[in-house]
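Descriptive analysis of the structure
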Amino acid sequence: DSKNDIFKVIKYGYSDIVSFEVYNRWGNRVFSTTSEEVGWDGKYLGTDCELGTYFYLLRYRCHLKNETLLLKGDVTLLR
């Protein structure tokens, strides 16, 4: 249905992305970017990843606080 096919950072406020990474349950990195324009399509090296829970780390530079912050969480991959 072409809805929610890409998992990416939506930037708002006075911040810049330092890095955005997605990991599988074994701790293997399946996606990494430093661009806010690029997102994860649920694939690793062109192959569909297994359905399940993945974990993300987002490092971003907050200009108001003048520091780099870390946001982490999880996302569930469904098809």
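Up top is the structure.
Reading guide: rules and limits
Residues numbered from 1 in each chain as written. Predicted model: local features only at pLDDT ≥ 70, side-chain atom pairs only at ≥ 80, totals over all residues. Heavy atoms only, no water. Helix = DSSP H or I, 4+ residues; strand = E, 2+ residues; numbered from the N terminus. Buried < 20%, exposed > 50% of the residue type's maximum accessible area, 1.4 Å probe, protein only. Contact = heavy atoms within 4.5 Å. Lys, Arg positive; Asp, Glu negative; His and termini not counted. Charge placed at Lys NZ, Arg CZ, Asp CG, Glu CD.

This part is about the overall build of the protein chain. Assigned secondary structure in the protein chain consists of zero helices and six strands. Reading the protein chain from its N terminus to its C terminus gives the helix and strand order β-β-β-β-β-β. On the principal axes, the C-alpha backbone points of the protein chain span a range of 40 × 30 × 20 Å. Here the protein chain, with 79 residues, has 28% of them falling under the buried criterion. At a minimum sequence separation of 6, the contacts of the protein chain that also span at least 24 residues come to 52%. Mean positive and mean negative side-chain charge positions of the protein chain (11 and 11 charges, respectively) differ by 4 Å.

Another aspect to go through is unusual backbone geometry. Positive phi, close to 60°, is recorded for asparagine 4, a residue that is not glycine. As for its placement among the helices and strands, asparagine 4 is situated in the segment before strand E1 (15-23). A residue is classified by how much of its surface remains accessible, and asparagine 4, at 80% relative accessible area, is exposed. Residue leucine 45 is not a glycine yet carries a positive backbone phi of 55°. Relative to the helices and strands, leucine 45 resides in the loop between strand E3 (43-44) and strand E4 (47-48).

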